[in-house]
Amino acid sequence: MRDFTLKSYQSLLVAFQRAGYQFQTFEEMMSQPIEGKSVVMRHDVDELAWNALKMAQLEKKHGIRATYFFRIVRQSNVPEVIRQIIELGHEVGYHYEDLALAEGDEKKAIETFKVNLSYFRKYYPVKSVCMHGSSTSKYDNRSLWKNHALSDFGLVGEPYMSVDFDKVFYLTDTGYAWDGGKFATRDIVESEFGLKFHLTSQIVDCIKAGKFPEKALILAHTLWTDSLVQWYGLHLREFFRNNLKLMAKNNRFVAKFYGKIVNFYWKKCE
Ligand SMILES: [Zn+2]
């Protein structure tokens, strides 16, 4: 069976519900965390915004509210999608990358951050932000918070800074695998749960066996699709991307080459 389809996503949601887990949004976890078994579904809408809408509809069907972080760039920032996701009852946050876009210029970055945050607040009273990994940039977007506080902007949380990952189990589908962390550049979280999954069905089995942690924050990107063409195309792309990323970690030439490809890719999208 193909993994990372809407069907496998549904099997994950249903497994959690049958095992008595409650879903809450990221903001809710920050302000009123549920006692007992709970899961936060966080979606970074890096691209393919319309796929996000399909995931949002599926969650709504199961009475689940999730958190969608949108980037300011065109392939994520699709007003129609943002509006519909909010209408479905989900939460929206800003997936910021201002420091990378400003090439490390902190003053410029904080200015665009303010503008972009108020842009998203036209749609939703945004109270949480989450950094975009910007894997080809030498700037870590979180450095924005060295001289500024989230509360200065009326924000209550940033997943990478506000969550204790020794208490909340973190899972991410980076690179079409639940153990693809080795391919990630920045969106890495260290924890002591000692659990490892590759396929969604393995997580489902773990939940059914009652061995899944009580609290979890799950990052699912918007690459989950039932379309065969998109599924094969994306798997091929992720396969090459993962291997290039891995090589780029140890090889400056590959890193430069990879950076050029990514920049070209995003430019073509715009
Ligand atoms: Zn991202």
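Since we're looking at a predicted model, the values are computed, not measured.

About the criteria used
Throughout this document, residue positions are counted from 1 along each chain, in the order its sequence is written. Residue-level local features of this predicted model are given only where pLDDT is at least 70; pairs of side-chain atoms are given and counted only at 80 or more, and the full residue set underlies all totals for whole chains, interfaces and linings. Side-chain calculation: all heavy atoms of the structure are included, whereas hydrogens and water are not. Helix and strand definitions here come from DSSP, where helices need a minimum of 4 consecutive H or I residues and strands a minimum of 2 consecutive E residues; each element is numbered from the N-terminal end. In this treatment the radius of gyration is a C-alpha quantity, and the globule benchmark scales as 2.2 Å times the residue count to the 0.38 power. Three exposure classes are used, based on accessible area relative to the maximum for each residue type with a 1.4 Å probe and protein chains only: buried under 20%, partly exposed in between, and exposed over 50%. Any two residues having at least one pair of non-hydrogen atoms within 4.5 Å are treated as being in contact. Throughout, the Shrake-Rupley method with a 1.4 Å probe supplies accessible areas, and for residues the shown protein chains are the sole cover considered. Atoms of type N, O and S within 2.8 Å of a metal are treated as its donors, and for Na, K and Ca the window is 3.2 Å; water is not considered, so some sites may appear to be missing partners. Polar contacts here mean pairs of N or O atoms no more than 3.5 Å apart (in protein, one a potential hydrogen donor and the other a potential acceptor; neighbouring residues in sequence count only if both atoms are side-chain atoms). Two strands form a pair only when DSSP identifies at least two bridges running between them. Convention used here: a crossover is right-handed provided that the path from the first strand, over the helix, to the second strand proceeds clockwise when the strands point away from the viewer. Only the stretch in contact is used when fitting a helix axis, every axis being a line fitted to C-alpha atoms; angles between N-to-C directions are given from 0 to 180 degrees. Oblique is the label for any angle not under 35 degrees, not over 145, and not in the 65 to 115 range, which are roughly parallel, roughly antiparallel and roughly perpendicular in turn. In this classification, Asp, Glu, Lys and Arg are treated as charged, Ala, Val, Leu, Ile, Met, Phe, Trp, Tyr, Cys and Pro as nonpolar, and every other residue, Gly included, as polar. What counts as a salt bridge is simple: a side-chain nitrogen of Lys or Arg found within 4 Å of a carboxyl oxygen of Asp or Glu. Two helices crossing with the near one rotated counterclockwise from the far one by less than a right angle form a left-handed crossing, whereas a clockwise rotation gives a right-handed crossing. Without a salt bridge and with relative accessible area above 30%, a residue can belong to a patch; like charges are then joined within 9 Å and nonpolar side chains (Val, Leu, Ile, Met, Phe, Trp, Tyr) within 5 Å.

A. Expanded view of the overall build of the chain. In terms of helices and strands, the chain carries 10 helices and 7 strands. Expected size for 270 residues packed as a compact globule is a radius of gyration near 18 Å; at 18 Å, the chain falls within 12% of this value. Viewed in the frame of its principal axes, the chain has a C-alpha envelope of about 50 × 40 × 40 Å. Counting over 270 residues, the chain shows a buried share of 53%. Long-range contacts, defined here as pairs at least 24 residues apart, represent 76% of the contacts in the chain between residues at least 6 apart. Working note: accessible area of the chain is about 13400 Å², and carbon and sulfur atoms make up 54% of it.

B. Structural detail: the coordination of the zinc ion. Summarising the metal site, the zinc ion is bound by the protein donors Asp46 (OD), His95 (NE2) and His132 (ND1), whose distances to it range over 2.1 Å. What makes His95 buried here is its relative accessible area of 1%.

C. Focus on the environment of Ser201. Structurally, Ser201 can be placed in helix H8 (residues 200–208). Linking Ser201 and Ser11, residues 190 residues apart in sequence, is a C-alpha distance of 8.1 Å.

D. Focus on the side chain of Asn141. Considering the arrangement of structural elements, one finds Asn141 in the loop between strand E5 (129–131) and helix H7 (159–162). A polar atom in the side chain of Asn141 sits 3.0 Å from the backbone nitrogen of Ala100. Setting aside its immediate chain neighbours within four residues, Asn141 contacts Tyr96, Glu97, Asp98, Leu99, Ala100, Met131, His132 and Ser134.

E. Up close: the pairing of strand E3 (residues 67–70). Going residue by residue along E3, you find Thr67 and Phe69 tucked away on one face and Tyr68 and Phe70 tucked away on the opposite face as well. When strand E2 (residues 38–45) meets E3, the two strands line up parallel, connected through 4 bridges. Each residue of the ladder has a partner; that of Asp44, found in E3, is Phe69. Following the chain from E2 across helix H3 (residues 49–61) to the adjacent parallel E3, one finds a crossover that is right-handed. For the segment spanning E3, helix H4 (residues 79–87) and strand E4 (residues 91–96), crossover handedness is right-handed.

F. View of the packing of H3 against H4. Running from N to C, H3 and H4 point in directions that differ by 10°, and their axes come no closer than 9 Å. One way to sum up the angle between H3 and H4 is to call them roughly parallel. Where H3 approaches H4, its residues Ala49, Trp50, Ala52, Leu53, Ala56 and Gln57 are matched on the opposing element by Glu80, Val81, Gln84 and Ile85. Classifying every residue of the contact of H3 with H4 gives 7 nonpolar, 2 polar and 1 charged.

G. Here's a closer look at the pattern of salt bridges. The final tally for this structure, using the stated rule, is 10 salt bridges. Taking the shortest distance from any N to any O, the salt bridge between Glu28 and Arg65 comes out at 2.7 Å. Residue Glu28 is located in helix H2 (residues 26–31), and its partner Arg65 is located in the loop between H3 and E3; the two are separated by 37 residues in the primary sequence. Relative accessible area serves as the criterion here: at 25%, Glu28 is assigned to the partly exposed category. Among the residues examined, Arg65 registers a relative accessible area of 33% and is labelled partly exposed. Glu97 serves as the salt-bridge partner of Arg71, at 2.7 Å between the closest nitrogen and oxygen. Of this pair, Arg71 sits in the loop between E3 and H4 while Glu97 sits in the loop between E4 and helix H5 (98–101), and the two are 26 residues apart along the sequence. Arg71 gets classed as buried once you look at its relative accessible area, which sits at 4%.

H. Focus on the packing of helix H1 (residues 6–18) against H8. Packing of H1 against H8 leaves a shortest axis separation of 9 Å and a crossing angle of 10°. In terms of orientation, H1 lies roughly parallel with respect to H8. Like other packed secondary-structure pairs, H1 and H8 cross with a definite hand, here left-handed. Taken together, the residues of H8 that come into contact with H1 (itself represented by Ser8, Ser11, Leu12, Ala15 and Phe16) are Thr200, Ile203, Val204 and Ile207. Split by residue class, the contact of H1 with H8 holds 6 nonpolar, 3 polar and no charged.

I. View of a nonpolar patch on the surface. Together, Leu228, Val229 and Tyr232 give the surface a local cluster of nonpolar side chains, amounting to about 350 Å² of exposed area. In this structure, Tyr232 sits in helix H9 (residues 228–250).

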